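Commentary on secondary and tertiary structure
Letter by letter, the chains look like this.
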Amino acid sequence: MPETSHNPLPLAGIKVLDLTLARAGPTAVRHLADWGADIIRVEPPGDGDGLAGARNGYDSANLHRNKRGIALNLKDDEARAAFLKLVETADVLVENMRVQVKHRLKVAPEDLRAINPRLVYASISGFGQTGPYATRGGVDQIAQGMGGLMSITGLPGQGPVRVGIPICDLTAGNLLALGIMMALFERVKTGRGKHVTTSLLESMVFMLDFQASRYLMAGEVAGQAGNDHPVNTPMGVFPASDKLINIAASSAKLWTNFCKAAGREDWLERPEWKTPKQRTADRPALNAAIAEVTRQHSAEWWIATLEEAGIPCGPVNDIAQVFADPQVAHLRMALPMGDTHVVDSAINIEGHETSVRRLPPELGQHSDEILLEAGISREAIAALRARNAVQ
């Protein structure tokens, strides 16, 4: 259910200063915004950063719903003083500036801790807050390449391929939101905020997961496996008579059930396919044999048959088919926003539902409102506006 005065969302009462641009930082803040935090998006005066497209476009709208907006020039001493008034009562600050920029603007953790020791200060960077690459700017595709993902994505021999979503940005944002929650929980016990950080590179290495531990523990450098699972067989994409489907039948039990469901119990007696290791070693021949069988029926037939046999399977959908899927519709992943939709949170909390309570703010839309709340007089606001320090 949407937020009401009798049923506030879990983060109601948490005030967040959002100094983020691009995607990784806004992804972190979106979690906080969707679950009830009061988000104040702080931007420089001007025409906006443009990094997420037009303000009413699909990208910016999806990232910046449920926020208020203020435009402040933090290079101006009096505007920066006004910003520090906001810091006094904030619970969280999120930024993804280059490391040296926040020090130059004097809004780094050590600058703000004396003003508000309870502040949870959260940072995303390309490569980390310290180290030989700390001052470099980073974007998603650079991190995909440096973090190894492109080397294991795509068909064997194809050459490196980027993933079709900004996975480093999104993962870094998700992890930072989790870190913010941990720091807020710790603050309940200590009364003090902490500096929480992650980076695109760290998030990418983290997301390598078993492929990374495979190297760290066994010295194996993974290559491209295309649509097949790197080590389990059969698990991949197969042709039905009308479209492609995914089938995962690699364990001993699932392989047995699959052979029975496919009417090929004779495969269970093939000596070269007896064990999982043997099936992976003979993967090209095995996949070709399965494809000859799966082509004989429709995707719907196979999904129903394999589901009854307890074998994970499903269609390979395009994005339009995703949102037409009855389960996706049931999960309400298309979140209404005015006369359109954005992507809903994937987190579910009993007794609460997310909603778009505010449309993405225009540049500086709530500047006066926010500054007045911070105790800044109308005369002082007018003076800031007169020299374009606030918009």
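Now for a look at the structure at hand. (Residues numbered from 1 in each chain as written. Predicted model: local features only at pLDDT ≥ 70, side-chain atom pairs only at ≥ 80, totals over all residues. Heavy atoms only, no water.)

Regarding the overall build of the protein
Across its full length, the protein holds 17 helices and eleven strands. Dimensions of the protein, computed from C-alpha atoms along their principal axes, come out at roughly 85 × 45 × 40 Å. The buried share among the 391 residues of the protein stands at 45%. Of all intrachain contacts in the protein linking residues separated by at least 6 positions in sequence, the fraction that spans at least 24 positions is 68%. (Helix = DSSP H or I, 4+ residues; strand = E, 2+ residues; numbered from the N terminus. Buried < 20%, exposed > 50% of the residue type's maximum accessible area, 1.4 Å probe, protein only. Contact = heavy atoms within 4.5 Å.)

Details of the nonpolar core
Counting residues in hydrophobic clusters, the biggest one holds 33 residues, and the most contacted among them are Val16, Val92, Val94, Leu176 and Ile180. Contributing elements (two or more residues each) for this core: helix H1 (24-34), strand S4 (92-95), strand S5 (120-125), helix H7 (167-190) and helix H8 (200-208). Per-element tally for this core: the top contributor is H7, with eight residues. Leave out the neighbours within four places in its chain, and Val94 touches Val16, Leu17, Asp18, Leu19, Thr20, Gly25, Val29, Ala122, Leu176 and Ile180. One finds Ile70, Met97, Tyr121 and Ile376 within the second-largest nonpolar core, a separate group that totals 29 residues. (Core = buried A, V, L, I, M, F, W, Y, C linked by side-chain atoms within 4.5 Å.)

With respect to the environment of Ala114
Within the secondary structure, Ala114 is located in the loop between helix H5 (109-113) and S5. As a C-alpha pair, Ala114 and Arg270 span 156 residues in sequence and 72 Å in three-dimensional space.

Quick word on the sheet that holds strand S7 (residues 235-239)
As summarised here, the arrangement of the three strands in space is S7-S8-S9, forming an open sheet in which the pairing is antiparallel. In this open sheet, the two strands that pair with only one neighbour each are S7 and strand S9 (313-315). The mean angle between the axes of side-by-side strands here comes to 25°, regardless of whether they run parallel or antiparallel. Where strand S8 (residues 244-248) meets S9, three bridges bridge the pair, whose relative direction is antiparallel. Counted as the bridge partner of Ile245 is Pro315 from S9. Sheet contacts for helix H13 (residues 299-308): S8 and S9; angle to S9, the most-contacted strand, approximately 160°. (Pairing = 2+ DSSP bridges. Axes fitted to C-alpha atoms, helices over the stretch in contact; angles between N-to-C directions.)

Considering the pattern of salt bridges
Summed over the entire model, instances satisfying the criterion amount to 21 salt bridges. Notably, a salt bridge pairs Arg68 with Glu369, separated by 2.6 Å at the nearest N-O pair. Residue Arg68 is located in strand S3 (residues 68-71), and its partner Glu369 is located in helix H16 (residues 367-373); the two are separated by 301 residues in the primary sequence. Residue Arg68 is classed as buried on the basis of its relative accessible area, which comes to 3%. In this structure, Asp266 engages Arg264 in a salt bridge whose closest nitrogen and oxygen atoms are separated by 2.8 Å. Assessed through its relative accessible area of 29%, Arg264 is described here as partly exposed. Bridged by salt links that share partners, the residues Asp38, Arg68, Glu369 and Glu373 form one connected network. (Salt bridge = Lys/Arg side-chain N within 4 Å of Asp/Glu carboxyl O.)

Some details on unusual backbone geometry
Cis geometry is adopted by the peptide bond preceding Pro234, which originates at Thr233 and carries an omega value of -5°. Among the secondary structure elements, Pro234 is positioned in the loop between helix H9 (210-218) and S7. Notably, Asn388 is not glycine yet its phi reads approximately 60°, a positive angle. With respect to the helices and strands, the residue Asn388 is situated in the segment after helix H17 (378-386). Residue classification places Asn388 among the exposed residues on the basis of a relative accessible area of 57%.

With respect to the environment of Pro271
When you line up the elements, Pro271 lands in the loop between helix H10 (252-261) and helix H11 (276-281). C-alpha separation for the pair Pro271 and Lys75, spaced 196 residues apart in sequence, amounts to 73 Å.

Quick notes on the packing of aromatic side chains
Applying the stated criterion across every chain yields a total of six aromatic pairs. Ring centres of Trp255 and Trp267 lie 6.2 Å apart, and the angle between their planes is 5°; on these two criteria the pair is classed as stacked. With Trp255 in helix H10 and Trp267 in the loop between H10 and H11, this residue pair connects regions lying twelve residues apart in the sequence. For Trp255, a relative accessible area of 3% translates into the label buried. The class of Trp267 is buried, set by a relative accessible area of 1%. Pairwise contacts between aromatic rings join Trp255, Phe258, Trp267 and Trp273 into one cluster. Over the aromatic face of Tyr133 sits the side chain of Arg136, whose NZ or CZ is 3.9 Å from the ring centroid. A cation sits over an aromatic face here: Arg270 above Trp273, 3.9 Å from the ring centre. (Phe/Tyr/Trp six-rings, centres within 6.5 Å; stacked < 30°, edge-to-face > 60°. Lys NZ or Arg CZ within 6 Å of the ring centre and 35° of its normal.)

Description of a nonpolar patch on the surface
A cluster of nonpolar side chains, contributed by Tyr133, Val139, Ile142 and Met146, occupies part of the molecular surface with about 340 Å² of accessible area. Counting through the fold element by element, Val139 comes out in the loop between S5 and helix H6 (140-146). The class for Val139 is exposed, based on a relative accessible area of 51%. (Patch = residues over 30% accessible without salt bridge, like charges linked within 9 Å, V, L, I, M, F, W, Y side chains within 5 Å. Areas by Shrake-Rupley, 256 points an atom, 1.4 Å probe, with all protein chains shown as cover.)

What about the packing of H1 against H7?
Contact geometry for H1 and H7: axes closest at 7 Å, N-to-C directions at 45°. With respect to their mutual orientation, H1 and H7 come out oblique. As for the relative orientation of H1 and H7, their crossing is right-handed in sense. Residue-level inspection shows Ala24, Thr27, Ala28, Arg30, His31 and Leu32 of H1 in contact with H7, the latter providing Asp169, Leu170, Ala172, Gly173, Asn174, Leu176, Ala177, Ile180 and Met181. Of the residues in the contact of H1 with H7, the class split is nine nonpolar, four polar and two charged. (Parallel < 35°, antiparallel > 145°, perpendicular 65-115°, else oblique. Left-handed = near helix turned anticlockwise from the far one by under 90°. Nonpolar A, V, L, I, M, F, W, Y, C, P; charged D, E, K, R; others polar.)

By themselves, these observations are geometric and do not establish any function.
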